[in-house]
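Here are the chains, one letter per residue:
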Amino acid sequence: MQPIEPTFAGPEVQAGIGVVCPFDMALDRELWRWMPSDVSLFFTRTPFFDEPVSLEMAEDVSDDADILAAVKNLSAVRPAVMAYACTSGSFVNGLSGARHISKVMAAAADAHGVSTSEALLEALEYLGVSRVVVITPYVADLTVRLGDFLEEAGHSVAAQAGLGLDGGIWQVPYQATCDLIRGADVPEADVVFISCTNLPTYDIIAPLERELGKPVLSANQVTAWASLRRLGKAAVGPGQRLLA
């Protein structure tokens, strides 16, 4: 009697999101946590620059030629969405700069394009909120530039606070971020935004929302959410208001 050969279903068909991020990005794993099982992330990085996190670095990592090269690196796996996962790199040149990055990626990859700063604006509109507490790990002038971006887009900055860091952002503990938010929040604000795709946030979003009584958005969260929306899929984040 011939043995019965096993049959296998799968692997599960995957939708792809290409992620262009800065050279110092260390939180690939965090972005994966928002993904459903039928979506894969394909990461690539912009070239290394030996400089601190600053306005100048934000401009360097948003260079058209470097973004186009990164998109080309991902083209073989044909992602349906291209996400530029860098907050400062997408807000540093204002609203037109954020939109330009998406257009460049979409045209080069024949895919949907979205940048982190555009994703933030989409999330604010989706939630119907506009008075923002801006929380960043950045030095002061980069934090101010984010406020300028939000105001250009028609929102208001109710308060802002930054950690003043020019490097090592992925190593910031949750407690430091929570303390900064608690100290900056004001009653008139209707949302908190935690900037920087290199700042860990996944586990603190839902608890802070319960504590503060308002939505708390983060850079990686809105990037994941907006990218998945373009696929018609929902992000995974129990208790997070944006994903409810």
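Please refer to the structure higher up on the page.
So, here is what we can say about the structure in this document. As the structure is a prediction and not an experimental result, all values here were calculated from the model.

1. Description of the overall build of the chain
Thought 1: Summing up its helical and strand segments, the chain has ten helices and eight strands in all.
Thought 2: Computed over C-alpha atoms, the radius of gyration of the chain comes to 18 Å, within 12% of the 18 Å expected from 2.2 N^0.38 for 244 residues, which places it in the range of a compact globule.
Thought 3: Seen through its principal axes, the chain has C-alpha atoms that stretch 75 × 40 × 30 Å.
Thought 4: With 244 residues in all, the chain has 54% of them scored as buried.
Thought 5: Of the contacts made within the chain by residues no fewer than 6 positions apart, 76% connect residues no fewer than 24 positions apart.
Thought 6: Charged side chains in the chain number 16 positive and 30 negative. The centres of these two groups are separated by 8 Å.

2. Brief notes about the sheet that holds strand E7 (residues 191-194)
Thought 1: Strand order across the open sheet formed by four strands is E6-E5-E7-E8, with parallel pairing between neighbours. Edge strands, defined here as strands with exactly one partner in the open sheet, are strand E6 (156-162) and strand E8 (216-218). With direction set aside, neighbouring strand axes in the sheet form an average angle of 20 degrees.
Thought 2: Inspection of the sheet shows strand E5 (residues 131-136) paired to E7 by four bridges, in the parallel sense. If you follow Ile-135 over to E7, its bridge partner there is Ile-194.
Thought 3: Lying on the sheet, helix H8 (residues 174-184) is in contact with E5, E6 and E7; it crosses E5 at an angle near 145 degrees.

3. Quick notes on the packing of helix H5 (residues 94-109) against helix H6 (residues 116-127)
Thought 1: Viewed as axis vectors pointing N to C, H5 and H6 meet at an angle of 110 degrees, and their least axial separation amounts to 8 Å. The orientation of H5 with respect to H6, classified from their angle, is roughly perpendicular. Along the contact surface, H5 presents Leu-95, Ala-98, Arg-99 and Ser-102, while H6 presents Ser-117, Glu-118 and Leu-121.
Thought 2: Residues of the contact of H5 with H6, tallied by class, amount to three nonpolar, two polar and two charged.

4. Observations concerning the sheet that holds strand E2 (residues 39-45)
Thought 1: On the basis of which strands lie adjacent, the open sheet formed by four strands has the order E2-E1-E3-E4 and parallel pairing. Two strands in the sheet have a free side with no partner beyond their single neighbour: E2 and strand E4 (112-115). Neighbour to neighbour, the strand axes of the sheet diverge by 20 degrees on average, direction disregarded.
Thought 2: Lying over the sheet, H6 contacts strand E3 (81-84) and E4, oriented at roughly 85 degrees with respect to E4.
Thought 3: Taken strand by strand, helix H10 (residues 219-229) contacts strand E1 (15-21), E2, E3 and E4, and its axis lies near 160 degrees from that of E3.

5. Regarding the pattern of salt bridges
Thought 1: Across all of its chains, the model carries eight salt bridges by this definition.
Thought 2: Of the charged contacts in the structure, one is a salt bridge between Asp-179 and Arg-182, with a shortest N-O distance of 3.5 Å. Here the residue Asp-179 and the residue Arg-182 both occupy positions in helix H8, the gap between them amounting to three residues, near one helical turn.
Thought 3: The salt bridge partner of Arg-182 is Glu-211, with a shortest N-O separation of 2.7 Å. Highlighted residues: Arg-182 in helix H8 and Glu-211 in helix H9 (residues 205-212), separated in sequence by 29 residues.
Thought 4: Overall, Arg-182 belongs to the partly exposed group, its relative accessible area being 39%.
Thought 5: Overall, the relative accessible area of 45% leaves Glu-211 in the partly exposed class.
Thought 6: Ionic contacts of the salt-bridge type, sharing partners, join the residues Asp-179, Arg-182 and Glu-211 into one network.

Parameters and conventions
Residue positions are given per chain, counting from 1 as you read along its sequence in written order. pLDDT decides what is reported in this predicted model: residues at 70 or higher carry local features, side-chain atom pairs at 80 or more are listed and counted, and totals for whole chains, interfaces and linings draw on all residues regardless. To obtain the side-chain values, all non-hydrogen atoms of the structure were used and water was disregarded. Secondary structure elements are taken from DSSP: a helix is a run of H or I of four residues or more, a strand is a run of E of two residues or more, and numbering for both begins at the N terminus. All radius of gyration figures rest on C-alpha atoms, and the globule criterion is 2.2 Å times the number of residues raised to 0.38. Buried residues are those whose accessible area, probed at 1.4 Å on protein chains only, stays under 20% of the maximum for their type, while exposed residues exceed 50% and partly exposed ones sit between those limits. Whether two residues are in contact is decided by their heavy atoms: any pair within 4.5 Å suffices. We count Lys and Arg on the positive side and Asp and Glu on the negative side, and we leave His and both chain ends out. Taken as the charge centre is NZ of Lys, CZ of Arg, CG of Asp or CD of Glu, depending on the residue. What makes two strands pair is DSSP finding at least two bridges between them. Axes here refer to lines fitted to C-alpha atoms; in helices the fit is confined to the stretch in contact. Angles between the N-to-C directions go from 0 to 180 degrees. Here the word oblique covers every angle except those under 35 degrees (roughly parallel), over 145 (roughly antiparallel) and from 65 to 115 (roughly perpendicular). Classes in brief: Ala, Val, Leu, Ile, Met, Phe, Trp, Tyr, Cys and Pro nonpolar; Asp, Glu, Lys and Arg charged; the others, Gly included, polar. By salt bridge we mean one thing: a side-chain nitrogen of Lys or Arg within 4 Å of a carboxyl oxygen of Asp or Glu.

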